[in-house]
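# Structural overview
Now for the letters of each chain:
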Amino acid sequence: RTVKATSGRQIFQPLHSLRAAEKELLPGFHDFEWQPALKNVSPCCNVGIINGLSGWTSALDDAPADTITRRFRYDVALVSALKDLEEDIMEGLRDSGLDDSMCTSGFNVMIKESCDGMGDVSEKHGGGPALPEKAVRFSFTIMSVTLVMNDKEGEVTVFSEPKPNSELSCKPLCLMFVDESDHETLTAVLSPIVAERKAMQESRLILSIGGLPRSLRFHFRGTGYDEKMVREMEGLEASGSTYVCTLCDTTRAEASQNMVLHSITRSHEENLERYEIWRKNPYSESADELRDRVKGVSAKPFMETQPTLDALHCDIGNATEFYKIFQDEIGEVYSKVNPSREERRSWRTALDKQLRQKLRLRPVMRMNGNYARRLMTQEAAEAVCELVPTEERREALRELMRLYIQMKPVWRATCPSKECPDQLCQYSFNSQRFADLLSSTFKYRYNGKITNYLHKTLAHVPEIIERDGSIGAWASEGNESANKLFRRFRKMNARQSKAFELEDVLKHHWLYTSKYLQ
């Protein structure tokens, strides 16, 4: 309520009402212990907001380095997030008909990790430097708490996040003014987080929940990354590489020939092994042979990500591609050789004008989630068809969109087997039909090339769903929506001094995600 009035107008009241509550809600209030103790992590429980550089000040250029990042210690933040869910967890135990005094161990906590670069966050005023300020945010979401029972096989779900893609459940862990392309600084800031996470995977947390000490294990899944960030963290070449996929070893040419039949083979371990081969070149091969052997791994992977597909960016990537197909169809590119720039521009103008008239869809500089959602509809396809000269091309476009709309819920749904079981069953069939259309009617675009996200959409979705049960629930959407909050808190609720700015934003944002306050 300090941030948004019920009327939807934004009001900003001073946070006196929070003063009392916030001490308990911010990380660093509750006691806990790890068994065995975490390697290289202090056993202190009362650690609040810390400088994310962990003492690396002098090593970084660009004046005072101690202002560029603030974070919580990962384990302390997880404890705070769990204590915030305490009532929900106790309620979950009661609902499952379990005697809570018996359930003291065997808890498993599933964590979704997200990290995203924010582009330009510079304030639009003031006489500061004219260089763009970029920020990166690392967050986590508690997806579920389950309990492994000794007597009866299987797990009981005690808590499961109802809105895994909401900014309300996405807890900020680390904020930094760093360009996501600046690999050195990014790794310097994130490596302590990686180290803490690694330590926690080998240990159990003992925390009082509902008045009794309970023992919990954590499972981390880094799925909230767009492809650029995955490639950055896993040491792969950039998105334009011939190795189109972060899940399998295929090349762009192969993927455009065989669109559907690929299986997931990449993993963090394999990337690390391949990096060693790349570094040592044990078989004394030429640069090209070596690159082919390691399939595009050319830097040291520093953070494990889950080989999956990010639903939000998949949507955006595919919509961008459809937007281009629409232009090509308006200009009948399939029958032309090298149309001029002016021609292309006129098709684009016609498309934008039509979408604006028929769908009230304003052209955007960069494709975003909302535009993608509205573009990928049958009515958008119909509007475009009005500009397409021949009937058979119109039919092909309608069919392409129809198939896409059948496929999309499968990787968008939080639980596809419940929400869209029919589309899930038909997925492989639909993706095969879609691929056939691309390689016949739309051959002029997909001859020897294909976009990264189309490849993933067509080739990998069923396998990921079989493995994880969902793609949509693990998307980066919550973290992306929270970028808006970052901007807002920075503008309205933070002290305007470099030294305090980030910690105020981090504190506010953390409180904003508290279930207890909600």
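Reading the values: rules and limits
- Residues numbered from 1 in each chain as written.
- Predicted model: local features only at pLDDT ≥ 70, side-chain atom pairs only at ≥ 80, totals over all residues.
- Heavy atoms only, no water.
- Helix = DSSP H or I, 4+ residues; strand = E, 2+ residues; numbered from the N terminus.
- Rg over C-alpha atoms; globule rule 2.2 N^0.38 Å.
- Buried < 20%, exposed > 50% of the residue type's maximum accessible area, 1.4 Å probe, protein only.
- Contact = heavy atoms within 4.5 Å.
- Areas by Shrake-Rupley, 256 points an atom, 1.4 Å probe, with all protein chains shown as cover.
- Lys, Arg positive; Asp, Glu negative; His and termini not counted.
- Charge placed at Lys NZ, Arg CZ, Asp CG, Glu CD.
- Axes fitted to C-alpha atoms, helices over the stretch in contact; angles between N-to-C directions.
- Parallel < 35°, antiparallel > 145°, perpendicular 65-115°, else oblique.
- Nonpolar A, V, L, I, M, F, W, Y, C, P; charged D, E, K, R; others polar.
- Phe/Tyr/Trp six-rings, centres within 6.5 Å; stacked < 30°, edge-to-face > 60°.
- Lys NZ or Arg CZ within 6 Å of the ring centre and 35° of its normal.

Naming follows an unreviewed UniProt entry, where the protein appears as V(D)J recombination-activating protein 1 of Ponticola kessleri.

### Describing the overall build of the protein
Helix and strand counts for the protein stand at 19 helices and nine strands. Since a compact globule built from 518 residues should have a radius of gyration of about 24 Å, the 25 Å found for the protein is in line with a globular shape. When its C-alpha atoms are laid out on the principal axes, the protein stretches across 70 × 60 × 55 Å. Counting only residues that meet the buried cut, the protein has 54% of its 518 residues in that class. Here the contacts in the protein between residues at least 6 apart in sequence split such that 71% fall between residues at least 24 apart. Carbon and sulfur atoms form 51% of the exposed surface of the protein, whose accessible area is close to 24,100 Å². Across the protein, the centroid of the 71 positively charged side chains sits 5 Å from that of the 75 negatively charged ones.

### Details of the packing of helix H15 (residues 421–440) against helix H16 (residues 452–459)
In contact at an axis separation of 9 Å, H15 and H16 are set at 140° when each is read in the N-to-C sense. By the angle between their axes, H15 is oblique relative to H16. Of the residues in H16, those in contact with Tyr-427, Ser-431, Phe-434, Ala-435 and Leu-438 of H15 are Leu-454, Thr-457 and Leu-458. Classifying every residue of the contact of H15 with H16 gives six nonpolar, two polar and no charged.

### So, the packing of aromatic side chains
Within the structure shown, the criterion is met by 16 aromatic pairs. Judged by centre distance (6.4 Å) and plane angle (85°), the ring pair of Tyr-323 and Tyr-371 falls under edge-to-face. Here Tyr-323 is found in helix H9 (residues 311–330), whereas its partner Tyr-371 is found in helix H11 (residues 369–375), with 48 residues between them in sequence. Both residues of the pair, Tyr-323 and Tyr-371, count as buried. Among the aromatic residues, those joined into a ring-pair cluster are Trp-34, Phe-72, Tyr-74, Phe-138, Phe-140, Phe-218, Phe-220 and Trp-510. One Lys or Arg, Arg-495, reaches over the ring of Phe-500 and ends 4.0 Å from the middle of that ring.

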